[in-house]
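So the chains spell out like this:
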Amino acid sequence: MQLPFEDSRRLTGANLYFDGAGAAQETAPGAAVDAGMLLRWRERIEQARDALGWPPGAIAVRTHGTGASLAFEAPFDQLYVATEVNEWALYAALGIRAGDAPVDADAEAPRPHVAHFDDDEALRQLHALATAEAKPALRALAEAARARGVPAHADDELLSIGEGEAAQAWPLDALPTVDAVPWQDLRAIPKAVVTGSNGKTTTVRLLAAMLGAHGLRAGYSSTDGLFVDGVSVEAGDYSGPVGARTVLRDPRVQSAVLETARGGLLRRGLVADDARVAVVTNVSADHFGEYGIHSLDDIAAVKLVVAKSLAADGLLVLNADDVMLVAHAPPGRRTGWFALELGDAAARGLPACGVREGRLVLVLADGEHDLGVVSEMPLSVGGAARYNIANIAAASLAASALGIAPATIAGVLARFGARNADNPGRLQRWTLGDVEVLLDYAHNPDGLQGLLDVAAGLRRGGRLALLLGHAGNRLESDFRALAAVAAAARPDRVWLKDIGGDYLRGRASGDVAMILRDALHAAGMDEADLPVCLDEAEAARQALAWARAGDLLVLPVHEPARRDVVVGLLDALQAGGWRAGQPLPAG
């Protein structure tokens with residue numbers, strides 16, 4: 001039978017629905033979601049809580065265009081059972097029974113499905129499962145840590161208490177007693193949480209550099225991997241809870257910056273709950289259709305979940321130029337604002353950071369601090385990269401909340417980005433004879449528009465070439481919106497590509513490229529100027545072979561392994577004095 005839910009998951013931290021751990025599920029399209037069904041679902045959740053001896057907590061229903069998100073708080077050591085409770089409650093509310101075959105909607109661990117039992121038997125089964133899953137020793141340690149003001153982070157294998165250099169971890173099957181924990185050696189470290197539709201990784205890297213200049217060894221998790229003191233520890237997308245916990249458990253780390261993407265927020269929730277600062281860079285149309293997110297208002301609500309990661313006196317840093325963030329800023333939070341113009345940021349209250357008469361100004365309770373000429377900051381590309389100016393202002397304001405002196409912030413801004421290695425994959429630039437090359441992560445319409453705006457400022461009358469692709473887990477309308485941005489820049493040639501690795505996300509190789517190609521052709525580009533080369537690195541090679549003196553190549557390359565190949569080639573060409581028309585080294 002068709003399942004009445006599309007996704008059933010554990011929420012291991014504060015999330016879109018409530019401030020604690022629990023379970024959530026998304027009803028399947030076509031499920032009979034109405035007031036009566038939702039009332040019956042709530043009643044079954046309460047019934048199960050009573051039967052299992054669970055404490056009361058939030059029960060959340062979020063209806064949306066394709067159904068409803070159904071979530072409730074549950075003990076953090078019994079979340080697999082909580083997902084089972086949620087599914088049983090939905091089946092019962094709909095008046096249907098599961099088939100006899102077990103169903104595992106959360107593939108992390110097999111578990112029996114109880115929805116095909118009658119209510120009494122289902123509750124008995126749930127009680128047995130909850131008893132088996134419960135970890136009283138884990139709960140006791142977490143409560144003891146909370147009472148002492150020390151952070152504790154648990155997953156399926158480990159409990160860590162304290163963070164970074166002041167942390168200790170134990171396997172869940174070998175937990176100490178409360179009295180055996182060396183509490184005097186364990187504490188939190190300064191940390192920041194960063195989210196947004198664009199600019200997250202650049203802001204994270206800039207903040208980590210500022211913490212390093214402040215004298216703290218920084219670890220950070222990001223879309224590009226895990227890093228400690230600027231050195232890669234693990235490659236891959238670690239912008240979710242696994243990356244955050246890994247950084248916070250690394251004994252070398254004295255401070256942490258945690259990139260926190262939409263997917264992790266919706267799938268699992270937050271890890272930190274005592275951050276000194278949380279940043280939301282911006283909100284743009286992306287990832288519509290997943291987890292009941294269908295509008296910019298929805299995305300703003302998801303991004304602003306990071307406010308729940310803050311300590312009571314922590315600072316929420318928001319973009320005053322973003323109408324969604326202004327409209328949805330949570331009341332009662334200590335908030336600082338950044339903007340391209342200082343007046344727009346300062347008008348919303350202190351602290352603030354923005355540009356005045358070409359200089360970046362940080363406004364704090366003790367007065368104004370001049371951080372330097374914006375056009376001289378390498379990340380700004382002579383002032384042309386407006387989106388990076390916003391990232392610079394956001395990072396500067398966040399750094400001040402971490403106790404970093406304005407002079408230290410200014411010193412980092414004066415040099416960060418001068419080397420391509422400072423911010424790999426983000427607005428990297430090469431001059432190859434008379435050919436300019438930009439490489440960036442631009443992955444949605446707003447990001448691509450910002451990149452093409454920079455390109456327009458660098459263009460010197462030659463031709464413009466572009467690589468274009470997209471992750472597969474988007475709507476077709478998202479692909480066409482990306483193509484519309486590309487077409488508006490009037491490129492002379494566009495190579496259509498896949499984003500390899502995990503980015504196909506359910507689509508066949510070449511599907512996205514063909515949708516983009518059709519949209520660009522419909523916008524007026526000749527088919528001859530729309531070659532398809534699915535491998536990102538080979539597409540970049542073809543663009544370089546096509547280039548002639550005066551041309552500008554814009555290369556959004558996303559899959560890390562292929563990006564490393566492209567960067568290595570560009571570095572070699574620049575070092576060897578390559579010029580357009582000369583042969584390329586063997587690939």
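What you see is a predicted model, and the numbers here were worked out from it, not measured in a lab.

Visitor: Any details on the side chain of Asn 86? Residues and values, ideally.
Guide: With respect to the helices and strands, Asn 86 occurs in helix 2 (residues 79-94). When sequence neighbours within four positions are dropped, the list of residues in contact with Asn 86 reads Ala 23, Ala 24, Gln 25, Trp 41, Ile 45, Leu 70 and Phe 72.

Visitor: I'd like a description of the sheet that holds strand 20 (residues 435-440), backed by residues and values.
Guide: Each strand in a sheet pairs with its neighbour through backbone hydrogen bonds, running either in the same direction (parallel) or in the opposite one (antiparallel). As summarised here, the arrangement of the 5 strands in space is 19-20-23-21-22, forming an open sheet in which the pairing is mixed. Of all strands in the sheet, those bounded by a partner on one side alone are strand 19 (428-432) and strand 22 (493-496). Neighbour to neighbour, the strand axes of the sheet diverge by 15 degrees on average, direction disregarded. For strand 20 and strand 23 (residues 552-556), the ladder comprises 5 bridges, and the chain directions are parallel. Note on strand 23: the bridge partner recorded for Leu 439 is Leu 555. This element, helix 15 (residues 511-522), spans strand 21 (464-468) and strand 22 of the sheet and lies at about 160 degrees to strand 22.

Visitor: Quick one: what's the story with the nonpolar core, residue by residue and with numbers?
Guide: Tyr 17 and Leu 258 are the most contacted members of the largest nonpolar core, which totals 47 residues. Leave out the neighbours within four places in its chain, and Tyr 17 touches Arg 9, Leu 11, Ala 24, Glu 26, Ala 60, Arg 62, Ser 69, Ala 71 and Lys 308. Counting residues in each nonpolar core, the second largest holds 43 residues, with Phe 338, Leu 362, Leu 371 and Met 377 among its members.

Visitor: Tell me what's going on with the environment of Ala 484, and back it up with residues and numbers.
Guide: Summarising the element assignment, Ala 484 is placed in helix 14 (residues 476-488). Taking C-alpha positions, Ala 484 is 40 Å from Ala 218, a pair spaced 266 residues apart along the chain.

Visitor: How would you explain unusual backbone geometry if you had to name every residue and give the values?
Guide: Omega for the peptide link from Leu 350 to Pro 351 comes to -5 degrees, which places this bond in the cis form. Note that Pro 351 resides in the loop between helix 10 (342-346) and strand 16 (352-356). Phi is positive for Tyr 291, which is not a glycine, with a value near 55 degrees. Here Tyr 291 shows up in the loop between strand 13 (275-280) and helix 8 (296-303). Of note, the phi angle at Glu 357 is positive, near 50 degrees, even though the residue is not glycine. The topology assignment puts Glu 357 in the loop between strand 16 and strand 17 (359-364). Glu 357 gets classed as exposed once you look at its relative accessible area, which sits at 77%.

Visitor: I'd love a proper account of the packing of helix 14 against helix 15, names of residues and values included.
Guide: Two elements in contact, helix 14 and helix 15, have axes whose closest approach is 9 Å; the angle formed by their N-to-C orientations is 50 degrees. When the axes of helix 14 and helix 15 are compared, the pair comes out oblique. For helix 14 against helix 15, the interelement crossing comes out right-handed. Of the residues in helix 15, those touching helix 14 at Glu 476, Phe 479, Arg 480, Leu 482, Ala 483, Ala 486 and Ala 487 are Val 512, Ile 515, Leu 516, Ala 519 and Leu 520. Counted by class, the contact of helix 14 with helix 15 contains 10 nonpolar, no polar and 2 charged residues.

Visitor: Residues and numbers for the sheet that holds strand 7 (residues 166-171), please.
Guide: Strand order in the open sheet made by the 3 strands is 5-6-7, with antiparallel pairing throughout. With partners counted over all chains shown, the strands left at the sheet margins are strand 5 (152-154) and strand 7, one partner each. The mean angle between the axes of side-by-side strands here comes to 15 degrees, regardless of whether they run parallel or antiparallel. Looking at chain direction, strand 6 (residues 158-163) and strand 7 are connected through 6 bridges and run antiparallel. Residue pairing across strands places Glu 163 opposite Ala 166, the latter belonging to strand 7.

Visitor: If you had to explain the confidence of the model for the protein chain to someone new, which residues and values would you point to?
Guide: Predicted confidence across the protein chain gives a mean pLDDT of 93, with 95% of residues reaching 70 or more. The model gives residues 100-112 a pLDDT under 50, and that stretch makes 29 contacts with residues more than four places away or in other chains.

Visitor: Tell me about helix 8, and name the residues and values.
Guide: All buried positions along helix 8 are accounted for by Asp 298, Ile 299, Ala 300, Val 302 and Lys 303. For helix 8, the secondary structure elements touched by its buried residues are strand 3 (59-64), strand 8 (191-195), helix 7 (262-267), strand 13 and helix 9 (323-328).

Visitor: Tell me about the environment of Ala 399, and name the residues and values.
Guide: Within the secondary structure layout, Ala 399 lies in helix 11 (residues 386-401). With relative accessibility at 0%, the residue Ala 399 sits in the buried group. Note: C-alpha distance between Ala 399 and Val 228 (171 residues apart in sequence) is 18 Å. For Ala 399, the contacting residues outside a window of four places in its chain are Leu 207, Met 210, Ile 404 and Ile 409.

Visitor: I'd love a proper account of the pairing of strand 18 (residues 367-373), names of residues and values included.
Guide: By the bridge criterion, 6 bridges tie strand 17 to strand 18 in an arrangement that is antiparallel. In the strand pairing of strand 18, Val 363 is matched with Glu 368. Between strand 17 and strand 18, which pair antiparallel one after the other, the connecting turn spans 2 residues.

Calculation criteria
- Residues numbered from 1 in each chain as written.
- Predicted model: local features only at pLDDT ≥ 70, side-chain atom pairs only at ≥ 80, totals over all residues.
- Heavy atoms only, no water.
- Helix = DSSP H or I, 4+ residues; strand = E, 2+ residues; numbered from the N terminus.
- Contact = heavy atoms within 4.5 Å.
- Pairing = 2+ DSSP bridges.
- Axes fitted to C-alpha atoms, helices over the stretch in contact; angles between N-to-C directions.
- Core = buried A, V, L, I, M, F, W, Y, C linked by side-chain atoms within 4.5 Å.
- Buried < 20%, exposed > 50% of the residue type's maximum accessible area, 1.4 Å probe, protein only.
- Parallel < 35°, antiparallel > 145°, perpendicular 65-115°, else oblique.
- Left-handed = near helix turned anticlockwise from the far one by under 90°.
- Nonpolar A, V, L, I, M, F, W, Y, C, P; charged D, E, K, R; others polar.
- pLDDT = per-residue confidence, 0-100.

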